[in-house]
Amino acid sequence: MKRYIFIIGIIAFGLVTNSFGKDLSKPIVPGRMISFDADWKFKKGKDLDAKGFDFNDANWRKLDVPHDWSIEDLTNSPSDSTIGPFYKGAIGKNATAFTVGGTAWYRKSFVLDKSAFGKNVFIQFDGVYMNADVWINGHHLGNHPSGYTSFSYDLTQFLNPADKPNVIAVRVKNEGDNSRWYTGSGIYRHVWLSVVSPAHIQNWGVNIISDKVSKQSAEIHVTTDFVGLKTGTPYLVTTELYSRDGKLIATQNSEITSVSQIQQKITVKNPDLWDLDHPVLYKAKIILKQNGKKVDEYTQAFGIRSINFGAKTGFLLNGQSLKIKGGCVHHDNGPLGAAVIDRAEIRKVQLLKKNGYNAVRLAHNPFSPQFLDACDSIGILVMNEAFDMWNKTKTPDDYALYFKEWGVRDLESIVIRDRNHPSIIMWSIGNEIPEIVDSLGYKTSALLANTVRKLDSTRAVTNAVPFYLAMAKGKNWNMTAPAFASLDVSGYNYTMGKYEDDHKKYPDRIMVATEYFPPKALENWNAVEKNDYVIGTFSWAAIDYLGEAGIGLARLKPVDEKPGGFVEAFMSPQWPIFNSYTGELDLIGNKKSASYYLDVVWRRSLIETMVHRPIPKGMKDMPGFYGFPDELKCWTWPGHENDSLEIRVFTRSPKVKLELNGKVIAEQTVQEGSIIATFKIAYTPGKLVARCYEGEKEIASEILSTTGKPAAIRLKAERGATKASQNDLAYIAVEIVDEAGQVVPSSDDFLVKYQISGNGVLAGVGNGNPKDMSSFQKPEKKVFQGRGLLIVRPTKVAGEIVIRAEVEGLKVGEVRIKTY
């Protein structure tokens with residue numbers, strides 16, 4: 001039996017090979033999408049030249065991918081300019097969360113089994129940020145500039161004979177000022193190897209479309225692309241459809257010769273339709289045979305559903321009207337950085353669903369296949385966005401430098417890779433494109449929209465156009481008309497004031513709020529409820545993200561100081577702030593004030609009560625355009641007895657009463673057009689109750705009670721068991737509680753220290769504080785508002801993970817998680 005030794009503080013993205021890696025001596029046998037994540041060597045260095053087969057990498061760091069080096073600590077000795085992964089002098093400054101890119105190399109050795117002789121071998125990268133150059137055995141395969149699109153190479157002609165080692169080398173260059181948000185660095189998504197026959201089904205070569213969809217039947221059109229079929233040789237193509245429980249429900253056989261594509265139509269009776277409440281997935285298995293022998297096999301998941309967009313009907317899913325309750329998200333996973341661990345992607349989608357969203361906009365780039373798989377299986381609609389820039393740069397070294405050569409190719413790869421996901425309802429070709437209101441933008445918009453339609457005519461094409469581009473000298477909003485003309489759905493960023501006027505001019509235009517300021521959620525949602533031609537909204541943003549530091553963070557200012565406005569929010573350095581704080585949910589997934597507000601806007605909750613943190617004398621709170629005041633659900637403010645605190649009650653009811661310790665102390669009528677009642681109350685410990693009324697009838701109430709002193713740490717695993725797989729994670733909520741078990745939300749400064757033993761290692765630690773730049777990778781972290789998060793990655797050996805949390809003076813917390 002092998003022994004597995006785990007050291008507290010080792011991070012999942014730099015794991016020693018003995019714990020997680022495959023045995024390098026085991027040759028790779030034929031198959032599709034074989035995981036190629038394990039046993040890489042890694043080293044940072046701009047001056048390295050490590051492409052050669054014989055390059056000595058013996059002393060390089062061993063790790064598994066996905067891996068993001070920008071989230072790793074820069075030093076073990078924090079200073080005024082360097083803390084955790086953050087560096088005050090980082091070239092991207094607050095935009096990229098003060099993190100550091102650079103150039104680094106990855107190398108991996110592998111051996112093919114003798115059974116792979118005569119096969120074609122392909123490598124696929126789901127995402128490398130960015131400018132990846134790839135070599136096999138010293139032969140340069142190519143350069144891929146985009147950090148977000150998947151790409152592959154044919155290795156076949158450069159491979160050594162079976163049983164002989166081969167070496168893949170990858171140089172990653174995240175250099176310069178190339179992004180407006182945190183990107184991560186490295187091979188941060190999965191890598192796959194496919195070993196297939198020379199005659200095979202092309203990668204991403206199966207396209208499945210549902211047509212004439214009803215509860216009684218649906219026509220399933222399956223288009224399959226082939227490579228390498230021999231001229232004049234007959235082949236048999238068998239397509240099998242399987243239900244969600246694995247039952248074979250339909251089969252079709254077709255004979256072909258040297259064609260490169262075949263189209264088949266299969267009717268499914270009484271289909272289980274994919275929708276938000278029942279996200280049913282089918283599978284298609286396409287089998288290629290020659291002379292009765294299987295040559296290749298390809299399995300593709302899909303959903304049966306219909307979508308329709310209309311200015312008079314709104315958005316229809318399976319013929320039913322649906323208002324889109326969306327949020328924008330960036331691709332990072334908070335304490336994990338950009339590294340794509342499957343469970344992190346699933347959890348992110350689950351958080352969205354749990355908090356009332358039915359749609360997500362991928363800002364502003366394609367996400368991982370695993371994120372889209374989660375949307376498919378959980379039931380969340382997707383606006384899949386391709387670009388943040390086209391021909392003109394937003395930062396000096398961004399993707400616009402490559403767009404002319406790569407834009408159409410990258411867009412094609414996005415659509416071809418993702419077109420079978422039933423969750424995707426719109427393709428977005430851009431976000432706030434600088435040239436969108438000039439002739440170059442009109443031309444590019446039409447080019448990209450038509451590129452999408454050639455590959456997928458079943459979904460809508462959109463683009464996010466903001467108000468401010470039409471405010472530049474010599475520009476006006478009417479100049480957006482040619483850009484919108486090439487779209488199926490017009491994306492409006494922060495421009496709800498134009499809806500009604502534009503509808504009068506363009507009655508057939510379908511509109512969606514691709515972004516809006518969270519404090520304006522009510523006004524934006526009112527427009528959706530009032531107008532069918534406004535199909536929904538996407539807030540900026542659903543979840544806090546790394547970068548654009550502090551644009552949603554309320555600031556304390558002297559009472560006589562004027563607000564800095566939009567420019568201050570985006571342009572000031574903001575050190576030591578590292579995350580945007582624009583989210584309705586914080587960086588670790590906890591609800592913020594904006595999320596409670598949205599619950600009332602969307603009628604998910606009747607009443608929500610927030611209390612503003614005490615403000616020092618002579619100061620005032622200055623929320624930004626994107627953020628809410630510094631308020632939380634807390635009636636525990638020791639040392640502030642008799643201080644006046646602001647209380648805001650969110651409700652759609654017309655009247656609100658406040659009670660404190662059993663006595664009514666205030667009453668207010670909610671202003672028409674608002675759902676907020678605001679009070680100033682002197683703080684007294686006890687029980688604060690907010691009640692909302694329709695006439696004299698109480699509709700709902702909420703209680704905030706003063707907690708006791710912090711007494712213990714409580715650990716709560718989100719799941720009682722995890723798979724013994726590096727693609728799974730255990731998320732553990734960390735709470736500071738009083739003797740009665742109540743979370744003490746006024747607790748911000750408790751440093752929690754963790755010990756992890758058994759079959760797991762530390763993957764990350766976090767909290768919701770946008771100013772806490774301490775390491776994500778050490779076994780300690782302060783809580784924020786009484787809460788924190790611990791993320792543990794299981795080993796590949798089943799057993800048990802034991803987690804212990806300590807704070808000086810508090811009762812120790814412990815939790816055990818099974819792995820299987």
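Residues numbered from 1 in each chain as written. Predicted model: local features only at pLDDT ≥ 70, side-chain atom pairs only at ≥ 80, totals over all residues. Heavy atoms only, no water.

Re the packing of aromatic side chains
All told, the structure shown has 35 aromatic pairs when counted by the stated rule. Aromatic side chains Phe-578 and Phe-776 sit 5.8 Å apart centroid to centroid with 70 degrees between the ring planes, which places their arrangement in the edge-to-face category. Residue Phe-578 is found in the loop between helix 9 (565–571) and helix 10 (593–601), and its partner Phe-776 is found in the loop between strand 45 (760–766) and strand 46 (780–782); the two are separated by 198 residues along the sequence. Ring geometry for Trp-635 versus Tyr-683: centroids 5.0 Å apart, planes at 75 degrees, classification edge-to-face. You can see Trp-635 sitting in the loop between strand 34 (631–632) and strand 35 (644–651) and its partner Tyr-683 sitting in the loop between strand 38 (676–682) and strand 39 (687–694), a full 48 residues away along the chain. Here Tyr-683 falls in the buried class, since its relative accessible area comes to 1%. Three or more aromatic residues joined by ring pairs form one cluster here, namely Phe-36, Trp-40, Phe-42, Trp-69, Tyr-106 and Phe-110. In this structure, Lys-633 is placed above the aromatic ring of Tyr-596, and the distance from its NZ or CZ to the ring centre is 4.4 Å. Lys-657 extends its terminal NZ or CZ atom over the ring of Tyr-693, reaching a point 4.9 Å from the ring centre. (Phe/Tyr/Trp six-rings, centres within 6.5 Å; stacked < 30°, edge-to-face > 60°. Helix = DSSP H or I, 4+ residues; strand = E, 2+ residues; numbered from the N terminus. Buried < 20%, exposed > 50% of the residue type's maximum accessible area, 1.4 Å probe, protein only. Lys NZ or Arg CZ within 6 Å of the ring centre and 35° of its normal.)

What about the confidence of the model for the protein?
For the protein, mean pLDDT is 95; residues scoring 70 or higher make up 96% of the total. Scored below 50 in pLDDT, residues 1–24 makes 65 contacts in the model with residues more than four places away or belonging to other chains. (pLDDT = per-residue confidence, 0-100. Contact = heavy atoms within 4.5 Å.)

Thoughts on the sheet that holds strand 17 (residues 261–269)
Spatially, 13-14-17 is the arrangement adopted by the three strands of the open sheet, whose pairing is antiparallel. The sheet is open, and its two borders are formed by strand 13 (200–211) and strand 17, each paired with just one other strand. Strand-to-strand twist in this sheet, taken as the mean axis angle between neighbours without regard to direction, amounts to 20 degrees. Bridge count between strand 14 (residues 217–227) and strand 17: nine bridges; the pairing is antiparallel. When the bridges of strand 17 are listed, His-221 appears paired with Lys-265. (Pairing = 2+ DSSP bridges. Axes fitted to C-alpha atoms, helices over the stretch in contact; angles between N-to-C directions.)

Things to note about the sheet that holds strand 38
Spatially, four strands are ordered 34-32-35-38 in an open sheet, and the strand pairing comes out antiparallel. With one partner strand each, in any of the chains shown, strand 34 and strand 38 form the two edges of the open sheet. Set on the sheet, helix 10 makes contact with strand 32 (607–612), strand 34, strand 35 and strand 38; between it and strand 35 the angle comes to about 35 degrees.

Brief notes about the packing of helix 4 (residues 400–418) against helix 5 (residues 439–455)
Axis separation between helix 4 and helix 5 bottoms out at 9 Å; the angle between their running directions is 30 degrees. Here helix 5 runs roughly parallel to helix 4, going by the angle between their axes. In this structure, helix 4 meets helix 5 at a crossing whose hand is right-handed. The residues of helix 5 that touch helix 4, namely those facing Phe-403, Val-408, Leu-411, Glu-412, Val-415 and Ile-416, are Thr-444, Leu-447, Leu-448, Thr-451, Val-452 and Leu-455. Residues of the contact of helix 4 with helix 5, tallied by class, amount to nine nonpolar, two polar and one charged. (Parallel < 35°, antiparallel > 145°, perpendicular 65-115°, else oblique. Left-handed = near helix turned anticlockwise from the far one by under 90°. Nonpolar A, V, L, I, M, F, W, Y, C, P; charged D, E, K, R; others polar.)

Notes on the pattern of salt bridges
Using the criterion set out here, one finds 47 salt bridges in the structure. Between Glu-405 and Arg-409 there is a salt bridge, with its nearest N and O atoms 3.3 Å apart. Of this pair, Glu-405 and Arg-409 both sit in helix 4, separated by four residues, roughly a single helical turn. Linked by salt bridges that have partners in common, Glu-800, Arg-804, Glu-806, Glu-814, Arg-816 and Lys-818 make up one network. (Salt bridge = Lys/Arg side-chain N within 4 Å of Asp/Glu carboxyl O.)

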